[in-house]
Every structure is written in structure tokens, then in C-alpha cells.
Amino acid sequence: MGRVKIARKSTFIDMTAMSDVTVLLLTFFMLTSTFLSKEPATVITPASVSTEKVQETNVLQVLVSPKGQVWLTMNNDTSAQWSNANMRKALLENMTALYNEQHKNNPVSFTPAQKETFSKLGAFGVPMAQMGEFLSLADEPEGLTKMDEWLAGEDPNPKHVSGIPIFKENTEDRPNEFQMWIKAARTAGNENLSQAMKDGMGVAIKADQNTSFEVIHMVMDNLQTIKQNKFTLLTALKAGGE
Amino acid sequence: MAEVQQSGGDSGKKGHQKKMQIRVDFTPMVDMNMLLITFFMLCTTMIKSQTLTIALPTNEKVQNEENMSQASADDAITIIIDAKKKPGPTPGTLVIDSVNGNVVNEIYYYDGKPGGDAGMFGPGGTVLSANNNLKKSDLLSDEVNSVGDHKARGIRQIIQERNKAVLEKVNELKKQLNDGKFGSLETKDDREKAMAKYNEEASKVRKDENIKKPVIIIKSTPEASYRGLVDILDEMQINSISKYQIDNITDVDLVMLDDYRKHQQ
């Protein structure tokens, strides 16, 4: 009597096909992804029925926190002449000139290294008087983390202010720093950006849906004062639509 | 990891090279890929934000007043957005939606001038409650019945009633678009072309000076949330309103709001 022989089968599963699929998926995600840029405040934009797509290039984004702090982010041309880095350098130089014109007693100046740091920043927004100190942080160990903390308002030093100075009371002949930044961007030499700002597509306000109207109105009012009457509001698409 | 199997055995001829079967275990590779995919999936933003373009008048005060007098004609509607506050002796705490944590906004509106032609104030600055023409409304989406017909409610219904002349023409254009009168809607390209034509025509209708249409003034109290403003701006777009402006809230408006609430309690 022979015993029934159970064939021993190998449990080896061929993973080649699976690997193929995952690599394909990975390639897809790598190519389509645009990374979330780090922002000092997390905001949920309000929903709207507007289907106009946001501009990717030549736009100055004004990030408004519910507390009324304001930061700027700049997205520029894809051209080499006005790359992000070049544009930011031009912006900082322009801004320095505007600022020093008004603050003749305590002017600011930046070293080439500091300018280099500025050109690589994502969102920015500290008072000009502290900008030098802020940019110098990059050379310190763990400087980038410290810069992020400063912008997010988690800096242990209470003197470190986050957000561009902006006031409710504002006039055209004594612009505050926020107005100066916008003006500096308008006249930084990039024609495409200037045109976009003129058309209203160049300035985008990004704010949380629960921000009080008081804060939003202050930002709008400041923009109106420097005759930046047209701008866009960043919104999310409303589910369901019209 | 890699496994080399000898097939056959030594039954073959000698000197003949043995056939090797090489299998590589891809499981760790798949593991790693999955991790990377997860990383990219979590870090990407698939949905791009939308934008809403607005144009405001300049801040120069003289021009502003001109706009005001122009808007205080019969066809002006003022919409006031206010945050809902908890009732009680200490007003000021805002009502927060328990579901999504958002500030709750209330919508009010009045026609023409505040307090009508007689105005809100009697001799000596007394508030004339009888003249208060403020009405409360709501921000509601369309009611859809079983046939699929939309029926506007709340503030949308009010705006649509005032803007009837424009909306009728726009709807007519929309019908023409769907009937293919602006070109075929078959391919994506055609559809875009037809849409562009339609949009051009529609904007002509919206801006047509010969059609009676309202001027809407949007005001918001400082406490109301940004979301309320965007919601109202949306209504302007939905209801084809071409003339609207965002204005500062005035003392009279605040008095009217107060007066309205007092009489509700």
C-alpha cells in the first residue's frame, strides 16, 4: 500500500508584476505631485462656486491668519531671468530702498549671504527691522527650524514678531510695511508680474473661512489705499456647485 | 533573497551546462515602493484652489460718496452680514456651529435707503422703529423637487426676483447653449468654444444698461466671518449680478440691526 504523496508546493509568490505596478504608480505620483509649501499658519479657505483656476505663476499670495497676521509668498515666472530666486532678490532690494526712504534714521541693509537666504525662502513676513536677524538664523545650526518657529509664532523670544506690520489706519503718503512690500513687488522690474497685479490676478488673498470680516477688511483696505483695487480670493470648490 | 534553483538533476549529458532558474524575491521592493507611494500620496495636493476675482473702488472718499448717492436709488439693495451671537446679558460671544466649528452668519437686507424715505431718526436723534425696513433672510441652497426643478430660497430668491429681467435673458442664452446654438458640444474643444461665446453674450446681457437690474451693496459687521462674505459674493455670481460693491458698515446700519433684534425678543 503506497501512501498518498502530497506534492510539496513552494509558497513562493512572484512579486515581479506587483513591483511593476507599484513602480508605475510611484512614477505617476512623483511626476504629478506639487508639494505643499510650508506655511506659517494653516488655513481652510471658504468654499465658492467659482471655477476659475488659481494662477500658478506671477502671483503674490497674501496669507492672512485669523489673528490678523500677514505673510507673503511669491510665485514667479518659469523664465530664467525672473526665477523665484532672482525675483526675490529684486524684491528685497526694492523693498529695502522703499523702507530706507521712509526710515532715514534707522535704515536697514543686508549682506549678500542674507539676500541669498531670502531668495530661498517660502513664505516670509517679519518686520523689516528684524529681517536681518531673521535671515542670519539660516547660518546657525538648526536655523531653518528656528526660522519656521519664528514665522509660526512659536519662538521663545518674545521680541521676535511674526507677520508683516499692517495697520487699520493707513494713508497713502505714509505706507505701512505691507503696502511697501506690495509696491515693491509691483515695481520690481518683472513686467509679467506687474501686469498680473494690474489685472487683479497677481494678488491673491488666502484666509481661513472663520477669519472675522474686520481682519479681511483691514487687508482689503490696505490694498485699496495703494490702488491695488483688483485682487483675487483663494477659495475651495463648493461641493455640488450651482 | 535571490534563489537559484537547479532544474532537472544530473540526468542530462555531462559537459552540458546546467540550466539555472533564477528567482528574485521582489517582496521587499514592493514594500518599499508602497511606502514611497504612501509618502507621495500624503504630500501632494491634488485639488487646486479656485479663485474669486473682485474689484473694489478706490479708497478716495469723494468718489465713494458719489457711488453711494448713485446706489441709493430705488434699485439698491443692501445686504448686511452679521455673526450670530448668543443671547443674554453679555452679547459678544459668537455662536459656533457644533458640527463643523464654523462661525454662524446671519443675513439681513433692506431696500433703498435705511429707514425708507423718512429715515431712521426722528427729531433729536430718536430711533424710529416703525421705519425700520431691515428684514432677515437666510443663505439657503436651492430646493430641488422630484422632477429636478430648482426653486431658490432665502436671499437668493430675493435677489433673483429683483434681477428677473437679466436672469430671464441669461437663462434663455443657457437654453440656447444647451440646444447647440453656440456650436456643437461634442468634443472638449467645441464645448470650450461654445462656452466662451456664451459667456461673452451673457456678460453683455448682465451689463446691458437698458435692462432694469439691482445694485447690491454688501456690508458686513466686523464680527462676521470671511466665509459669509464669500458666500454672498457667490450669490452675485450665481444670480448674474453685475453691479455690486463691498462697503463699510455705517452707524445707521448698526442702529437698524440693534433695533431689529430688540423687537424680535
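In what follows, the accompanying structure is described. (Residues numbered from 1 in each chain as written. Chains lettered and ligands numbered in written order. Predicted model: local features only at pLDDT ≥ 70, side-chain atom pairs only at ≥ 80, totals over all residues. Heavy atoms only, no water.)

### Remarks on the overall build of chain A
(1) Moving on: Along the backbone of chain A there are 8 helices and 5 strands.
(2) Moving on: Going from N to C terminus, chain A has its helices and strands arranged as α-β-β-β-α-α-α-α-α-α-β-α-β. (Helix = DSSP H or I, 4+ residues; strand = E, 2+ residues; numbered from the N terminus.)

### Considerations on the overall build of chain B
(1) Moving on: When helices and strands are counted, chain B shows 7 helices and 10 strands.
(2) Moving on: Here chain B holds 265 residues, and the buried ones make up 34% of them.
(3) Moving on: Of the contacts formed within chain B by residues at least 6 apart in sequence, a portion of 64% connects residues at least 24 apart.
(4) Moving on: Accessible surface computed for chain B: about 16,400 Å², of which carbon and sulfur atoms make up 52%. (Buried < 20%, exposed > 50% of the residue type's maximum accessible area, 1.4 Å probe, protein only. Contact = heavy atoms within 4.5 Å. Areas by Shrake-Rupley, 256 points an atom, 1.4 Å probe, with all protein chains shown as cover.)

### Things to note about the pattern of salt bridges
(1) Moving on: Applying the stated criterion across every chain, the model contains 13 salt bridges over all chains.
(2) Moving on: Lysine 89 of chain A is the salt-bridge partner of glutamate 116 of chain A, the closest N and O atoms lying 3.2 Å from each other. A residue pair is termed long-range when its members are at least 10 positions apart, and glutamate 116 of chain A in helix α3 (residues 112–119) and lysine 89 of chain A in helix α2 (residues 84–102) qualify at 27 residues.
(3) Moving on: Linking aspartate 253 of chain B and lysine 219 of chain B is a salt bridge whose minimum nitrogen-to-oxygen distance equals 2.8 Å. On the criterion of sequence distance, the pair formed by aspartate 253 of chain B in helix α7 (residues 251–264) and lysine 219 of chain B in strand β9 (residues 215–220) is long-range, its members being 34 residues apart. The residues aspartate 253 of chain B and lysine 219 of chain B share a single accessibility class, namely buried. (Salt bridge = Lys/Arg side-chain N within 4 Å of Asp/Glu carboxyl O.)

### Concerning the interface of chain B and chain A
Size of an interface: often given as the accessible area lost when the parts come together.
(1) Moving on: Listed per partner, the contact involves 52 residues of chain B and 56 residues of chain A.
(2) Moving on: Summed over the three residues of chain B that lose the most area to chain A, namely Gln50, Thr51 and Tyr226 of chain B, the buried surface amounts to 17% of that side.
(3) Moving on: The tally of links from chain B across to chain A stands at 0 salt bridges.
(4) Moving on: In this structure, the connection of chain B to chain A is made through 13 residue pairs in polar contact (both at pLDDT 80 or more).
(5) Moving on: Ranked by residues supplied to the side of chain B that touches chain A, first place goes to helix α1 (residues 27–43) of chain B with 10 residues.
(6) Moving on: Of the residues assigned to the side of chain B that touches chain A, the class counts are 25 nonpolar, 17 polar and 10 charged.
(7) Moving on: Of the strand pairs in this sheet, strand β5 (residues 230–237) of chain A and strand β3 (residues 50–55) of chain B are connected by 6 bridges, and their pairing is antiparallel. Along β3 of chain B, the bridge assignment pairs leucine 234 of chain A with threonine 51 of chain B. (Buried area = accessible area lost by both parts, 1.4 Å probe. Polar contact = N/O pair within 3.5 Å; in protein donor to acceptor, adjacent residues only side chain to side chain. Nonpolar A, V, L, I, M, F, W, Y, C, P; charged D, E, K, R; others polar. Pairing = 2+ DSSP bridges.)

### Considerations on the packing of α2 of chain A against α3 of chain A
All names here are of chain A.
(1) Moving on: Close contact between α2 and α3 brings their axes to 8 Å; oriented N to C, the two are set at 125 degrees. With respect to their mutual orientation, α2 and α3 come out oblique. Classified by chirality, the crossing of α3 by α2 is right-handed. In contact with Asn84, Ala85, Arg88, Lys89, Leu92 and Glu93 of α2, α3 contributes Lys115, Glu116, Phe118 and Ser119.
(2) Moving on: Split by residue class, the contact of α2 with α3 holds 3 nonpolar, 2 polar and 5 charged. (Axes fitted to C-alpha atoms, helices over the stretch in contact; angles between N-to-C directions. Parallel < 35°, antiparallel > 145°, perpendicular 65-115°, else oblique. Left-handed = near helix turned anticlockwise from the far one by under 90°.)

### Here we look at the nonpolar core
(1) Moving on: In terms of nonpolar packing, the biggest core is built from 77 residues, with Phe178, Trp181, Val219 and Leu233 of chain A together with Ile79 of chain B touching the most fellow members.
(2) Moving on: When residues in this core are grouped by element, the largest group, 7 residues, is from helix α8 (residues 213–225) of chain A.
(3) Moving on: In this structure, Val166, Phe182, Tyr198 and Ala202 of chain B belong to the second largest nonpolar core, which totals 10 residues. (Core = buried A, V, L, I, M, F, W, Y, C linked by side-chain atoms within 4.5 Å.)

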